[in-house]
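# Notes for the structure review
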Amino acid sequence: MTRQFPDGFLWGAATAAHQIEGGNVASDWWKLEHRPDGPCAEPSGDACDSYHRYPEDVAIVAGLGLGSYRFSIEWSRIEPEPGEFSRVQLDHYRRMIATVLDAGLRPTVTLHHFTSPFWFTKGGGWARADSADRFLRYCETVAPLLTEAAYVCTFNEPNIAASFARYFEPGYVAPAGLPDPDSRISDGLTRAHLRVRDALRAEVGPRVGWAVATQSFSGVDGPDELSAAYAYERETRFLEVAVDDDWLGVQAYSRTIVGPDGPLPVSDETERTLMDWEYYPEALGSALREAHRIAPRVPLIVTENGIAAADDRRRIDYVRTALGEVLTAIDDGVDVRGYFYWSLLDNFEWAHGYRPTFGLVAVDRDTFARIPRPSAHWLGAVARANALDAD
Ligand code: NOJ
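This report concerns the structure included in the present document. Per chain, the residues get numbers from 1 upward, laid out in the order the sequence is written. Reporting of local features is limited, given that this is a predicted model, to residues whose pLDDT is at least 70; pairs of side-chain atoms are given and counted only at 80 or more, and all residues count toward the totals for whole chains, interfaces and linings. Note that water and hydrogens are dropped before the side-chain values are worked out from all heavy atoms of the structure.

Moving on: the pairing of strand S3 (residues 68–72). Think of it in three bands: residues with accessible area under 20% of the maximum for their type are buried, residues over 50% are exposed, and the middle band is partly exposed, with areas taken using a 1.4 Å probe on protein chains only. Helix and strand assignments come from DSSP, with helices taken as H or I runs of at least 4 residues and strands as E runs of at least 2, each series counted from the N terminus. S3 sits mainly inside the fold: 5 of its 5 residues count as buried. Of the two faces of S3, the one holding Ser 68, Arg 70 and Ser 72 and the one holding Tyr 69 and Phe 71 are both buried throughout. Pairing between strand S2 (residues 10–14) and S3: 3 bridges, direction parallel. Residue pairing in the sheet places Gly 12 in a bridge with Ser 68 of S3. For two strands to be treated as a pair, DSSP must find at least two bridges joining them. In terms of strand pairing, S3 meets strand S4 (residues 106–112) through 5 bridges, oriented parallel.

The salt bridge criterion pairs a side-chain nitrogen of Lys or Arg with a carboxyl oxygen of Asp or Glu, the two atoms within 4 Å. Under the definition given, this model contains 32 salt bridges. Here Arg 289 ties to Asp 332 by a salt bridge, and the two come within 3.2 Å at their closest N and O atoms. Residue Arg 289 is found in helix H11 (residues 283–294), and its partner Asp 332 is found in the loop between helix H12 (312–331) and strand S12 (336–342); the two are separated by 43 residues along the sequence. In this structure Arg 289 comes out as partly exposed when scored by relative accessible area, which is 34%.

Distances are taken per atom, and a residue is near a molecule or strand as soon as one of its heavy atoms is within 4 Å of it. What surrounds the ligand is a group of 13 residues, the closest being Gln 19, His 113, Asn 156, Glu 304 and Glu 349. Contacts described as polar in this section are N or O atom pairs within 3.5 Å, which, within protein, must combine one atom able to donate a hydrogen with one able to accept it, while residues neighboring in sequence count only if both atoms come from side chains. Side-chain polar atom of Tyr 253 to a nitrogen atom of the ligand: 3.3 Å apart, as the coordinates give it. Trp 350 has a polar side-chain atom sitting 2.9 Å from an oxygen atom of the ligand. Class assignment for the residues of the shell around the ligand results in 6 nonpolar, 4 polar and 3 charged. Any residue outside Ala, Val, Leu, Ile, Met, Phe, Trp, Tyr, Cys, Pro, Asp, Glu, Lys and Arg is labelled polar, Gly included; the first ten of those are nonpolar and the last four are charged.

Let us look at the side chain of Arg 315. Within the secondary structure, Arg 315 is located in helix H12. Take Arg 315: its relative accessible area is 0%, and that puts it in the buried class. Note on contacts: a residue pair qualifies if any of its non-hydrogen atoms lie within 4.5 Å across the two residues. Dropping the residues within four chain positions of it, Arg 315 is found in contact with Ile 307, Ala 309, Tyr 341, Thr 357, Phe 358, Gly 359, Leu 360, Arg 373 and Ser 375.

Turning our attention to the packing of helix H3 (residues 50–64) against helix H5 (residues 87–102). What counts as an axis is a line fitted to C-alpha atoms, over the stretch in contact for a helix, and the angles between N-to-C directions run from 0 to 180 degrees. The interhelical angle for the contact between H3 and H5, taken along N-to-C directions, is 10°, at an axis separation of 9 Å. Considering their axes alone, H3 and H5 lie roughly parallel with respect to each other. Two secondary-structure elements touch here, H3 through Tyr 51, Tyr 54, Pro 55 and Val 58 and H5 through Gln 89, His 92, Arg 95, Met 96, Thr 99 and Val 100. Classifying every residue of the contact of H3 with H5 by side-chain character gives 6 nonpolar, 3 polar and 1 charged. For classification purposes, an angle smaller than 35 degrees is called roughly parallel, one larger than 145 roughly antiparallel, one from 65 to 115 roughly perpendicular, and anything else oblique.

With that settled, consider the pairing of strand S9 (residues 256–259). Relative to S9, strand S7 (residues 217–218) is paired through 2 bridges, and the arrangement is parallel. Following the sheet pairing, Ser 218 is matched in S9 by Ile 257. As judged from the 2 bridges shared by S9 and strand S10 (residues 262–263), these two strands associate in the antiparallel manner. Of the residues in S10, the one forming a bridge with Gly 259 is Gly 262.

Side-chain rings of Phe, Tyr and Trp (the six-membered ring for Trp) are treated as a pair once their centres are within 6.5 Å; stacked means planes under 30 degrees apart, edge-to-face means over 60, and tilted covers the remaining angles. On inspection of all chains with the given rule, the structure shows 34 aromatic pairs. Note on Trp 126 and Phe 155: the rings are 5.0 Å apart at their centroids and 85° apart in plane angle, and the pair reads as edge-to-face. With Trp 126 in the loop between helix H6 (118–122) and helix H7 (131–142) and Phe 155 in strand S5 (residues 151–156), this residue pair connects regions lying 29 residues apart in the sequence. Accessibility classification places Trp 126 together with Phe 155 in one group, the buried group. Pairing Phe 155 with Trp 210 gives two aromatic rings, centres 6.4 Å apart and planes at 70°, and the pair type is edge-to-face. Here Phe 155, found in strand S5, pairs with Trp 210, found in strand S6 (residues 208–214); they are 55 residues apart in sequence, far enough to count as distant. As far as burial versus exposure is concerned, Phe 155 and Trp 210 are alike and both buried. An aromatic cluster of three or more residues is present, and its members are Trp 75, Trp 119, Phe 120, Trp 126, Phe 135, Tyr 138, Phe 155, Trp 210 and Phe 238.

In short, the description is geometric, and any link to function would need to be established separately.
Listed below in structure tokens is the structure:
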């Protein structure tokens, strides 16, 4: 059976500046990666050298037949020291956006994807009293570049950013797994999002939203009070912020089952991805329904979904099931406007370094050669047909 996606459904692949560009030396993560007691398995280094090779990346996205490229602008390049804005870096991203448009793609642009300038984080980050002002000033500086964007995303996964912020606290020793979110940081991100959303709408139109990590929290026997309470600070409050946004990004990978003492470990019999997450593509369906329940009037975009897999065939299986979930959600009345696979390229997976391979395209770590996998061609065929075959 073939199932059709709605007309105009936007297909894309996603990346983020720090994870692919390389040499992001003025950012807070660059510093973190070089701290001997830090949480990172290895430094980002040259990453995929996309700072120079972006035309090749863009050509791959276009060649596959996708309609949009999601990438981020790096604040720490634009404003490496407080108030010092770099014309050269603005020109860089202007050229990059022109390259995306010339390839016939629509840019989907993230303004903050986990990394901030080191000076900003050193001064307290999102807990600073002036954090929204500082972020707004950067966003207004890049706003003239955004007029052709399909969607503008203020923050990528503010809920995970509120956890990552702990890594920068003096003397903080990282536990295994994700630290608990810092609510002062969550508040700061929320304030900054709302300020920037209102300001940017005036300049780029009603295309502004943010993208939340949706983690399909539930109890052992389904949603319950305990899991809802656990989810509130980690996800729900960030979905609630989006009720008046122009769109809401859903980023689903797996699920989290919560017991009385927190998340339960994934059992040994369960298939895991290279992130050690449960292989559970159905998470995308529950994530879309949850986002729709909380923000029913807001169009949803799957701004990220994907798998770190050693076997590319498992990637195709995963995406096929996830896309089936998207179609079922649409049939049930959820307004889903697009799907972006994470990620276009194998890249720097934060604390995990380069080991987990999410890419539709492999990257040779010595030569930076891009090698599209069969899953890239498979997803391109789905996008061109705007339809999913059952097998
Ligand atoms: C969410 C983040 O936005 C992205 O940076 C990360 O690489 C993927 N998920 C996979 O963990």
